[in-house]
Amino acid sequence: MGLSKKPATGMKDIMPQEMKIRSYVQSVIRDTYASFGFTQIDTPSVENISNLTNKQGGENEKLIFKILKRGEKLDLANASEEMDVVDMGLRYDLTVPLVRFYSKNANDLPTPFKALQMGNVWRADRPQRGRFRQFMQCDIDIIGDPSNLAEIELILATTTTLDKLGFKGFQIRINDRRILKAMAAYSGFSEDDYDQVFIILDKMDKIGLNGVKADLLENGYDEASVNKYIDLFSEIENASSPVDFIAEKLGDYMDDEVKDWMNDIIDSVEASKVADFEMVFDPTLVRGMSYYTGTIFEVAIPEFGGSCGGGGRYDEMIGKFTNNDVCACGFSIGFERIVMLLLEQGFEVPEEGEKIAYLIEKGITGDQLSEIIAEAQKERESGKQILVSRMNKNKKFQKEQLANQGYEEFKDFYKDPIK
């Protein structure tokens, strides 16, 4: 088989201009989240396969890049099932590694623990616009805070970051798993059917309310339950205060504290936000991960037309490792989609200091070369960005390329005398 210049399917090479934007976005994320008290950690890209396949990752567990056992442990001849030859996999998100990390190191961490993670994850998904098989995730999580202050802080930190990156007029869509379950119970669905009903509901943005109804009926659910369920969404859409309406409509099917919890989040964020965005209660919001237990949220940026981040509360996940549940809530920003939108908008990274290119004739060596490099070092110490490079034959084209990279001044150095 011949060598290929192309990256593996679903992966991509990153050119210097994009890398510059990526680095800038990461720095804004890191600095903004730090101002909210989040501290950065890192976890391995590879996880034990048992952690990745514990039935909490939803559809993502079908997309794991699995790693074969190595050396003598890899016995293909006697393998009867996949787990005989697989013991690890590439992480598909940053939440599973964080939960494992916290379970191991909890005694050395503060409570609550506010964590920031940035790193690549891998999913064997179908590549499309804004979606790759290897992509960067940027997560913030608050572990150990049982109150909705965690949700409020996560939303404010994320929206402040998006504002600093220039995004305006976006939405934070918010819902609660407890509301989803109460609506399903009120409509007459059995608890065993909730997950499948929610999977169908999650298609709402693609197939619409009528499509959800048709899909539920095609899956054999009782027509009366389906009609009652669909009517709920129509009524909520027309309500002036959707959260209060749904609480009154569902009655004993939903605890009053859920209504107060949701209203407190929305009111507190609206009262203290600095970014230009809208908080929207969306009863159709599901979020695919089955580990969510309460509040769920998502970022919708008009320029993309879809989700550019999301998260929620997962109070029972750490207990899978420790046998003691610890409350937790997280928000993942859609890093790759944000970078893509900035590239499409022609975003220019703010320059920090003057950029000067030193172009040196190829014949310059010895003391003269040392003098030039020493001069460049002094200018770097003063805060300027100095590129030192040999002069090409086509100097005009070389300067045009450098100008496209933001270099504003050129210094040409020839053999004696130095110019």
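Position labels on residues start from 1 in each chain and follow its written sequence. For this predicted model, a pLDDT threshold of at least 70 governs which residues receive local features, and a threshold of 80 or more governs which side-chain atom pairs are given and counted, while totals over whole chains, interfaces and linings are taken from all residues. Where side-chain values are given, they derive from all heavy atoms of the structure, hydrogens and water being excluded.

**Let's talk about the overall build of the protein chain**
What counts as a helix is a DSSP run of H or I of at least four residues, what counts as a strand is a run of E of at least two, and both are numbered from the N terminus. The number of helices and strands found in the protein chain is 14 helices and 14 strands. Along the three orthogonal principal directions, the C-alpha set of the protein chain runs to about 90 × 65 × 45 Å. When the accessible surface of the protein chain is split by element, carbon and sulfur atoms take 47% of a total near 21,400 Å². The accessible surface values rely on the Shrake-Rupley method and a 1.4 Å probe; as for residues, cover is taken only from the protein chains in view.

**Details of the state of the cysteines**
Only a pair of cysteine sulfur atoms within 2.5 Å qualifies as a disulfide here. Scanning the model with the defined rule gives 0 disulfides in all. The cysteine Cys327 is free of any disulfide, with Cys329 supplying the nearest cysteine sulfur at 9.6 Å.

**Concerning the pattern of salt bridges**
One side-chain nitrogen of Lys or Arg within 4 Å of one carboxyl oxygen of Asp or Glu is enough to make a salt bridge. Considering all chains together, one arrives at 23 salt bridges under this definition. Residue Arg100 pairs with Glu47 through a salt bridge whose shortest N-O separation is 2.9 Å. A residue pair is termed long-range when its members are at least 10 positions apart, and Arg100 in helix α3 (residues 95-105) and Glu47 in strand β2 (residues 46-48) qualify at 53 residues. Relative accessibility thresholds used throughout: buried, under 20% of the residue-type maximum; exposed, over 50%; partly exposed, between the two (1.4 Å probe, protein chains only). Exposure remark for Glu47: the relative accessible area of 2% places this residue in the buried category. Of the charged contacts in the structure, one is a salt bridge between Lys395 and Asp412, with a shortest N-O distance of 3.2 Å. Residue Lys395 is located in helix α14 (residues 395-404), and its partner Asp412 is located in strand β14 (residues 409-413); the two are separated by 17 residues in the primary sequence. Lys395 gets classed as partly exposed once you look at its relative accessible area, which sits at 22%. By relative accessible area, which is 17% here, Asp412 ends up buried.

**Observations concerning the side chain of Gln137**
As for its placement among the helices and strands, Gln137 is situated in strand β6 (residues 134-143). In protein, a polar contact means a hydrogen-donor-capable atom and an acceptor-capable atom, both N or O and within 3.5 Å, with residues adjacent in sequence counting only if both atoms are side-chain atoms; elsewhere, any N or O pair within 3.5 Å suffices. Within polar-contact distance, the side chain of Gln137 engages the backbone nitrogen of Leu94 at 3.4 Å. Contacts are assigned to residue pairs with any non-hydrogen atoms lying within 4.5 Å of each other. Aside from chain neighbours lying at most four places away, what touches Gln137 is Asp93, Leu94, Gln117, Met118, Gly119, Val121, Arg123 and Ser332.

**Comments concerning the pairing of strand β10 (residues 306-313)**
The element β10 is extensively covered by neighbouring structure, given that 6 of its 8 residues are classed as buried. Two strands qualify as a pair provided DSSP detects at least 2 bridges between them. Where strand β9 (residues 295-301) and β10 come together, 5 bridges link them in antiparallel fashion. Looking at β10, one finds that Glu298 is bridged to Gly310. Examined bridge by bridge, β10 and strand β11 (residues 328-333) share 5 bridges and lie antiparallel to one another. Residue pairing for β11: Gly310 is matched across the bridge by Ser332.

**Quick look at the sheet that holds strand β3 (residues 66-68)**
Taking strand neighbours across the sheet as the criterion, the 3 strands line up as β2-β4-β3 in an open arrangement whose pairing is antiparallel. The sheet terminates laterally at β2 and β3, the two strands that pair on one side only. Taking each pair of neighbouring strands and ignoring which way they run, the sheet shows an average axis angle of 40 degrees. Axis definition: a line fitted to C-alpha atoms, limited for helices to the stretch in contact. Angles are taken between N-to-C directions and run from 0 to 180 degrees.

**Remarks on helix α7 (residues 204-218)**
Because an α-helix completes one turn every 3.6 residues, residues spaced three or four positions apart along the sequence face the same direction. Between its first and last C-alpha atoms α7 spans 16 Å; for 15 residues at 1.5 Å apiece the expected length is 21 Å, and the helix comes up short by more than 12%. Fitting axes to the seven residues ending at a residue and to the seven starting there, one defines the bend at that residue as the angle between these axes. Taking the largest bend as the criterion, α7 deviates by roughly 75 degrees, centred on Asn210. When we look at burial in α7, the residues that qualify are Met204, Gly211, Val212, Asp215 and Leu216. Of the surrounding elements, those touching the buried residues of α7 are α6 (194-201) and α8 (223-237). The length a helix should cover is 1.5 Å for every residue beyond the first.

These figures come from the coordinates and say nothing about function on their own.
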